[in-house]
Amino acid sequence: VLALAALMLLVACGDGEKGTPKLETTSPLPATPVPVSPLPTPAPTTTVPVVTATQVVVDERTALQLRVFTQLWETVRDTYVYPDFSGLDWDEVRRRYSARIEVGLGDEAFYDAMQEMIDELGDEHSGFYSPQEVAEEEEQLSGQLDYEGIGIYVTVPKDKAFAVLLQVFPDSPAERVGLRPHDRILQVDGIAVVDTDGAENLDLLQGAVDSQVRLLVQTPGRDPRELAVTREQIRAQLPVQTRRLSGTNVGYLLLPTFWDQTITERVRQALESLMAEGELDGLVLDLRTNGGGLLTELEGTLAIFAEGELGIFASRDVERPLIVKADPIGRSLELPMVVLVGRETESFGEVFAGVLQENGRAQVVGRTTRGNVETLWQVDLEDGSRAWIASETFRPPSGADWEEIGIIPDVEIPVDWDEFTGDNDEQLRAALELLFQAPEE
């Protein structure tokens with residue numbers, strides 16, 4: 001039986017592979033085969049074959065895979081936001097993948113095949129996750145991270161052959177050796193982060209506590225350098241960075257994700273701390289690393305800055321409004337604001353920036369986003385795997401097709417996160433200029 005979550009979510013980013021922000025994640029591990037008691041071996045005769053325990057396990061595994069596959073295929077058939085499947089013959093897909101499974105697949109090959117099938121939809125948003133990946137997803141969702149690594153939040157940008165650091169955890173091994181946001185990781189222990197066939201090797205960043213990993217890294221505008229980093233147990237939350245911008249009364253708040261049930265509360269605490277230091281003249285909200293997440297966190301964070309009916313979520317048959325009830329902190333509903341966006345801003349990150357721009361609450365600076373605003377429904381499958389299926393799309397009051405055009409900044413500065421450092425952030429400078437412009441007569 002399918003378990004369709006009542007809570008609507010957006011995944012962290014894009015295609016679930018390249019472009020997905022992650023915490024030094026490991027590669028998918030094979031799931032444990034379905035345990036089956038060995039059948040008794042019949043007395044050998046010339047007419048009765050011997051049935052081995054191995055054969056039974058394989059048969060049971062194939063049967064389970066076919067059930068999971070059927071659940072997934074039928075969910076897409078019944079709920080996918082685009083009823084024509086974007087031109088894909090969904091019945092032909094069923095025939096093709098069921099034939100592959102019936103021949104016999106190992107667990108890892110099966111999970112890879114299910115991801116391939118979802119990728120064929122072409123929306124660069126829906127995804128499939130093995131049981132191991134589901135466990136990692138749940139940990140990140142809780143906001144309480146606990147793993148062995150070096151303490152970085154990274155992504156592999158689309159069409160680039162390296163990983164880029166979105167954040168570095170405070171007092172982590174990565175921070176102590178000088179790694180900073182915007183740095184690129186080119187190699188891990190002499191192995192390219194991205195193979196020639198596009199496969200990622202970020203799992204090599206993780207390892208046993210006190211073991212060492214060698215990185216080839218590059219700060220934008222500088223030559224590559226080698227670093228040795230000793231892994232530790234990382235127990236932390238993804239940082240919500242805040243500060244007052246030098247020489248101003250403008251606050252800066254980096255909102256890294258909505259894929260964390262603690263984000264709204266931590267944003268509130270961060271803003272309260274900024275305001276406690278003195279009156280703010282403006283606020284810069286940085287969403288350049290935000291790839292989306294929970295609807296509850298989108299709504300909760302929006303409520304600090306805006307209110308009203310801000311758009312519509314539309315499925316095949318039903319429309320439901322995005323209605324936000326204001327829950328301000330001090331002058332947060334009136335405070336002049338600029339939102340920073342980039343190529344890594346996706347999903348509810350785009351919706352957040354777009355509704356504030358269209359509502360007149362904020363101006364937007366940065367690079368036009370990719371356009372990826374479908375809402376995903378969670379589907380938990382029999383074997384512990386999970387799928388996120390695009391079942392709605394978001395429409396702002398203006399009717400603009402953000403899925404097609406992305407969020408277009410008021411001030412376009414076409415540089416990517418991996419092309420600058422904190423010392424030469426042209427997008428942030430442009431945001432300050434907007435906040436200090438004299439109002440028009």
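Residues numbered from 1 in each chain as written. Predicted model: local features only at pLDDT ≥ 70, side-chain atom pairs only at ≥ 80, totals over all residues. Heavy atoms only, no water.

**Student:** Outline the packing of helix H7 (residues 295-305) against helix H8 (residues 348-358), supporting the account with residue identities and numerical values.
**Tutor:** Contact geometry of H7 with H8 gives a least axis separation of 11 Å together with a crossing angle of 25°. Relative to H8, H7 is oriented roughly parallel. The two elements H7 and H8 meet at a crossing, and its hand is right-handed. Two secondary-structure elements touch here, H7 through Leu295, Leu298, Thr301, Leu302 and Phe305 and H8 through Phe348, Val351, Phe352, Val355 and Leu356. Partitioned by chemical class, the residues of the contact of H7 with H8 number 9 nonpolar, 1 polar and no charged. (Axes fitted to C-alpha atoms, helices over the stretch in contact; angles between N-to-C directions. Helix = DSSP H or I, 4+ residues; strand = E, 2+ residues; numbered from the N terminus. Parallel < 35°, antiparallel > 145°, perpendicular 65-115°, else oblique. Left-handed = near helix turned anticlockwise from the far one by under 90°. Contact = heavy atoms within 4.5 Å. Nonpolar A, V, L, I, M, F, W, Y, C, P; charged D, E, K, R; others polar.)

**Student:** Any chance you could break down helix H3 (residues 107-119) for me, citing the residues and the numbers?
**Tutor:** In this model H3 runs 18 Å from its N-terminal to its C-terminal C-alpha over 13 residues, within 8% of the 18 Å that 1.5 Å per residue would give. All of the buried residues in H3 are Asp107, Phe110, Tyr111, Ala113, Met114, Gln115, Met117 and Ile118. (Expected span 1.5 Å × (residues − 1). Buried < 20%, exposed > 50% of the residue type's maximum accessible area, 1.4 Å probe, protein only.)

**Student:** Give me the lowdown on the confidence of the model for the protein, citing residues and values where you can.
**Tutor:** Confidence in the prediction for the protein averages 86 pLDDT; 86% of positions are at 70 or higher. This model gives residues 25-57 a pLDDT under 50, and the stretch forms 36 contacts once residues within four places in sequence are excluded. (pLDDT = per-residue confidence, 0-100.)

**Student:** Which residues make up the pattern of salt bridges, and what values go with them?
**Tutor:** Any two side chains of opposite charge can pair, so long as their charged atoms come close to each other. Applying the stated rule across the entire model yields 28 salt bridges. Between Glu232 and Arg176 there is a salt bridge, with the nearest N and O atoms lying 2.2 Å from each other. One end of the pair, Glu232, is in strand S10 (residues 232-236); the other, Arg176, is in helix H5 (residues 173-176), and 56 residues separate them in sequence. Of the residues examined, Arg176 reaches a relative accessible area of 46% and is grouped as partly exposed. Here the residues in one salt-bridge network are Lys160, Arg184, Arg367, Asp416, Asp418 and Glu419, joined through shared partners. (Salt bridge = Lys/Arg side-chain N within 4 Å of Asp/Glu carboxyl O.)

**Student:** Let's hear about helix H4 (residues 131-142): which residues, and what values?
**Tutor:** Between its terminal C-alpha atoms H4 stretches 17 Å, which fits the 16 Å expected from 12 residues at 1.5 Å a residue. Glu133, Val134, Glu137, Gln140 and Leu141 are the residues of H4 that are buried. Seen from one end, H4 has its buried residues packed into an arc of 125°, which puts them on one side. Close packing links the buried residues of H4 with strand S2 (127-129), strand S3 (145-149), strand S4 (152-155) and strand S19 (386-395). (Arc of directions from axis to C-beta.)

**Student:** Go over the environment of Gly122, please, and point to the residues and values.
**Tutor:** Structurally, the position occupied by Gly122 is in the loop between H3 and S2. Placed 35 residues apart in sequence, Gly122 and Gly87 show a C-alpha to C-alpha distance of 9.9 Å.

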